[in-house]
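# Coordinates in review
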Amino acid sequence: MEREAGPGGARRALGLLVEAVLANRGKANAVFDILAVLQSEDQEEIQEAVRACSRLFGALLARGELFVGQLPSEEMVMAGSRGVTRKYRVWIRHRYHSCCNRLGELLARSSFRVKELALGTLMKFVQLEGEHPLEKPKWEGNYLFPHQLFKSVVGGLLSPEEDCSLLLCQFREFLEYDDIRYHTMQAAADAVARAADGRPEVPLVFWNNAFTLLSSVSLPLQESTPSSFYVKHAELSDKWKVVHLREHRKAFQQMWLGFLKHQLPLRVCKKVLVITHDSILPHLAQPSLMIDFLARACDVGGAISLLALNGLFILIHKHNLEYPAFYRKLYGLLDPSVFHVKYRARFFHLADLFLSSSHLPAYLVAAFTKRLARLALTAPPEALLTVLPFICNLLRRHPACRVLVHCPRGPELDADPYDPREEDPARSRALESSLWELQALQRHYHPEVSKAASAVSQALSEAEVSIAPLLELTAFQICERDLEKKGPEPVPLEFIPAQGLLGRRGDLCAQHFTLS
C-alpha cells in the first residue's frame, strides 16, 4: 500500500482497503497492509490503523466470517484439500488473532490516545465475540464468553513495566457490567498468580497496577440478581454462575486472597489496609479468611499496624473473631512518636473507636489512660489538646478508673508503681497509680493546655467531649488562634501616672537629668 502524506491520507487509504476486503474476499490480502500500518512508529498512523481494524474485524465478526471451533494451524489448513471457504475463514481468524495480539501490546507501549483506542477496540471485540462465539458450545445453553481475549486485555492493563492508572480509570466504565466485573476478577487473579510465581522480584509498578484494578471492583451490598450484561444474551440461564451474586463474592474473595498472599511492598500494603474495612471485608464470602494478612500486617509496626488493627477490630466486632492480642498490640503502638507522625489524627480516631465499649476491663482502660498521661508530659500543645479530652472521655466511660484521679482511702505513694516498660497492659499496675501527670500539666505554659488539664480536677459531665474537631489541629492553627485573640484592657500599674520618660516631677531622676 502506498501511503499518502499525513493522517488524513492514511485514513482514506485504510478506509479504501477495509471497503475492498469487506466487499470482495479476493482482496483479503489487503489485511496485511492494514496490519503493517498497525506496526508503524507514527502514533497518528497507528490510531488510524486501530480504527480500521475495529471497523474491519468488527464487521467480519458480526457477519460470522471467522472460523468457529478449535483453530487449526494455518500451514496445515492451507496445504490440505478442504474447501476455499474454510481456508478463508481459518486464514482471516489468524489475522484477527494477530490484530488482537498487537492491540494488546499497544496497551502498554504507546501514547495514551493509542492505548485508549486499543482498549476500546479490544472491548468491542469482546462484546462481538460474546455475541458471535468463535467456539462451539459443549452443550445446549452452555455459557460462552471470550475468556482468552479478555485475559489478554486484563494482562495488558497489568503491565509490569508501565504505570497504567489512567487507562485503568477508563476501564472502570466496563466494570459497571456484571459479566465484565465477574470475568475481570477471575482474569486478575490469574494474572497476579502468573506474575508472582517463579519471579524473584515483582516490579512495584505491577503491584500498583494490580491494586488499582482490584480496588476498582465493587459489589452491591444488598442481595440482588446480576442483570446488566455487556455481552447481550437472548435469555439468561439460572445455571450460569455469572448470574448469581454469591459466585461474584467467591470470585471477589479468591481475587483478593490471591493478591494478599504475596509479599507486597509496604506502600501497596498500606493502600490495601486503608480500604479493607469498607471496600473489601463487606463483600467477602468468608471475611475471617483475612486474619492471616491482617495478623502479618499487625507485626510491621507504625501506621500499617494501626490500619491492620482497624480490620481486626471489624472482624472481632462483627464476625466474632477471637484475637486475644488485639489490645496488647494497640498498647504497644503508644510511644512518643505517635504525637509527631502524619497519621496522628487517624490513630486517635481509631483508638477512640477501639476503646469505646463500656465492657472493657478497668485494668485495661487504666493502662491506656496512664500510658497516654505519661506520654503527654513530652507532647506538643496541639497533641495535648486532643489527648487530654480523650483521657477525660475514658474516665467518663469507665467510672472504675476514676480512682486514678481521686482515691481518698488509698495509700500514700512515695513512687509511681506504674511500669511504663511493661508491654502487657494487665501487668503494668496502672490501677495502683494515679494521674499525677495531669496535675503537672495544669501548670503548662500554654493556657489552653492548662485549662484542658484542669478539667480532670473538676466534676466530669455525663456527656463526652467530641475529639473529632481536635484531631487535625496543628501548631500553626493554635498560633493563628492565639494571634486573633484580643488583648486585655489596659491595667494601671501605679496610683500616680507617669509624666514623661523620666518619671514624675520631683523624682530624683528628673532633678538631675533632662531630655535635650
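The following refers to the structure shown. None of these values were measured; they are calculated from a predicted model.

## Here we look at the overall build of the protein
Scanning the protein from terminus to terminus reveals 22 helices and zero strands. For 516 residues, the compact-globule estimate of 2.2 N^0.38 gives 24 Å, and the C-alpha radius of gyration of the protein, at 35 Å, exceeds that figure by more than 25%. Principal-axis analysis of the C-alpha atoms places the extent of the protein at approximately 125 × 75 × 40 Å. Within the protein, buried positions represent 47% of all 516 residues. Pairs at least 24 apart in sequence give 70% of the contacts found in the protein among residues at least 6 apart. As displayed, the protein has an accessible area near 27700 Å², and 52% of this comes from carbon and sulfur atoms. Of the side-chain charges in the protein, 60 are positive and 58 negative, and the distance between the mean point of each set is 3 Å.

## Re helix H11 (residues 245–260)
If you check H11, its first and last C-alpha atoms are 22 Å apart, about what 16 residues at 1.5 Å a residue would give, namely 22 Å. Buried residues of H11: Leu245, Glu247, His248, Arg249, Ala251, Phe252, Gln253, Met255, Trp256, Phe259 and Leu260, and no others. Considering only its buried residues, H11 is in contact with helix H9 (178–196), helix H10 (204–216), helix H12 (266–280) and helix H13 (291–298).

## Focus on the side chain of Arg344
Relative to the assigned elements, Arg344 resides in helix H16 (residues 344–354). Here Arg344 occupies a buried position and makes no salt bridge, while the nearest side chain of opposite charge, Glu382, is found at 4.6 Å. Those residues in contact with Arg344 that sit more than four places away from it in its chain are Val338, Phe339, Glu382, Ala383, Leu471 and Leu473.

## Looking at the packing of helix H2 (residues 30–38) against helix H5 (residues 84–106)
With their axes 11 Å apart at the nearest point, H2 and H5 run at an angle of 10° to one another. With respect to their mutual orientation, H2 and H5 come out roughly parallel. Across from Val31, Phe32, Leu35 and Leu38 in H2, the residues of H5 making contact are Trp91, Ile92, Arg95, Ser98, Cys99, Arg102 and Leu106. When grouped by side-chain class, the residues that make up the contact of H2 with H5 number eight nonpolar, one polar and two charged.

## Some words on the packing of aromatic side chains
Scanning the model with the defined rule gives 22 aromatic pairs in all. Seen in terms of ring centroids, Trp207 and Phe259 are 5.6 Å apart; in terms of plane orientation they differ by 65°. Their pairing is edge-to-face. Of this pair, Trp207 sits in helix H10 while Phe259 is found in helix H11, placing the two residues 52 residues apart along the sequence. Overall, the relative accessible area of 3% leaves Trp207 in the buried class. Taken together, the ring pairs in this structure connect Phe145, Phe150, Phe171, Phe174, Tyr177 and Tyr230 into an aromatic cluster.

## Observations concerning the packing of helix H6 (residues 112–131) against helix H7 (residues 147–157)
In the contact formed by H6 and H7, the axes pass within 10 Å of each other and the chain directions differ by 160°. Between H6 and H7, the angle falls in the class roughly antiparallel. The chirality of how H6 crosses H7 is left-handed. On H7, the residues that touch Leu119, Leu122, Met123, Phe125, Val126 and Glu129 of H6 are Leu149, Phe150, Val153 and Leu157.

## Thoughts on the pattern of salt bridges
Per the stated rule, a full pass over the model turns up 20 salt bridges. Between Asp352 and Arg397 there is a salt bridge whose closest N-O contact spans 2.4 Å. Here Asp352 is found in helix H16, whereas its partner Arg397 is found in helix H18 (residues 381–397), with 45 residues between them in sequence. Each of the two residues, Asp352 as well as Arg397, counts as buried. Taking the shortest distance from any N to any O, the salt bridge between Glu448 and Arg481 comes out at 2.8 Å.

## Description of the nonpolar core
Counting 162 residues, the largest nonpolar core has Met123, Phe171, Trp256, Phe259 and Tyr327 as its most contacted members. Here the element with the most residues in this core is H18; it accounts for ten residues. Each residue touching Phe171, except ones within four places of it in the same chain, is listed here: Leu119, Met123, Phe150, Leu157, Ile180, Thr184 and Leu213.

## Focus on the environment of Leu71
Among the structural elements, Leu71 can be located in the loop between helix H3 (43–63) and helix H4 (74–79). Sequence separation between Leu71 and Trp91 is 20 residues; the distance between their C-alpha atoms is 9.9 Å. With near-sequence residues (within four places) excluded, Leu71 lies in contact with Val90, Arg93, His94 and His97.

## Points about the state of the cysteines
The full count for this structure, using the stated rule, is zero disulfides. Here Cys269 stays free of any disulfide, with the sulfur of Cys298 as its closest cysteine sulfur at 11 Å.

## Things to note about H13
Turning to H13, its buried residues number three or more, namely Phe293, Leu294, Ala297 and Cys298. Angularly, the buried residues of H13 cover 135° about the axis, an arc narrow enough to put them on a single face. If you follow the buried residues of H13, they end up packed against H11, H12, helix H14 (302–319) and helix H15 (326–332).

Criteria and thresholds
Sequence positions are assigned chain by chain, starting from 1 and proceeding in written order. Thresholds applied to this predicted model are a pLDDT of at least 70 for local features of residues and 80 or more for the giving and counting of side-chain atom pairs; totals over whole chains, interfaces and linings are not thresholded and use all residues. Computation of side-chain values: all heavy atoms of the structure, hydrogens and water removed. Numbering of helices and strands runs from the N terminus; a helix is a DSSP stretch of H or I covering at least four residues, while a strand is a stretch of E covering at least two. Atoms counted for the radius of gyration: C-alpha only. Globule rule: 2.2 Å times residue count to the power 0.38. Burial here depends on accessible area, computed with a 1.4 Å probe over protein chains only, as a share of the maximum for the residue type. Under 20% is buried, over 50% is exposed, and the range in between is partly exposed. Contacts are assigned to residue pairs that have any heavy atoms within 4.5 Å of one another. Accessible areas in this description were obtained via Shrake-Rupley with a 1.4 Å probe; residue shielding takes into account the shown protein chains only. Lys and Arg are tallied as positive, Asp and Glu as negative. Neither His nor the chain termini are counted. A single reference atom marks each charge: NZ on Lys, CZ on Arg, CG on Asp, CD on Glu. In this scheme, a helix's expected span is set at 1.5 Å multiplied by one less than its residue total. Any Lys or Arg side-chain nitrogen located within 4 Å of an Asp or Glu carboxyl oxygen qualifies as a salt bridge. Here the axes come from fitting lines to C-alpha atoms, over the contacting stretch only for helices, and the angles between their N-to-C directions go from 0 to 180 degrees. With respect to orientation, any angle under 35 degrees is reported as roughly parallel, any angle over 145 as roughly antiparallel, any angle of 65 to 115 as roughly perpendicular, and every other angle as oblique. Three residue categories are used. Nonpolar comprises Ala, Val, Leu, Ile, Met, Phe, Trp, Tyr, Cys and Pro, charged comprises Asp, Glu, Lys and Arg, and polar comprises the others, including Gly. Classification of ring pairs rests on two measures: the distance between centres of Phe, Tyr or Trp rings, Trp counted by its six-membered ring, which must be within 6.5 Å, and the angle between planes, read as stacked under 30 degrees, edge-to-face over 60 and tilted in between. In this scheme, a crossing is called left-handed if the near helix is turned counterclockwise away from the far one by less than a right angle; it is called right-handed if the turn is clockwise. Among buried residues, the Ala, Val, Leu, Ile, Met, Phe, Trp, Tyr and Cys ones that are joined through side-chain atoms within 4.5 Å form a nonpolar core. Put simply, a disulfide is two cysteine sulfurs that come within 2.5 Å. Arc definition: directions from the helix axis to the C-beta atoms.

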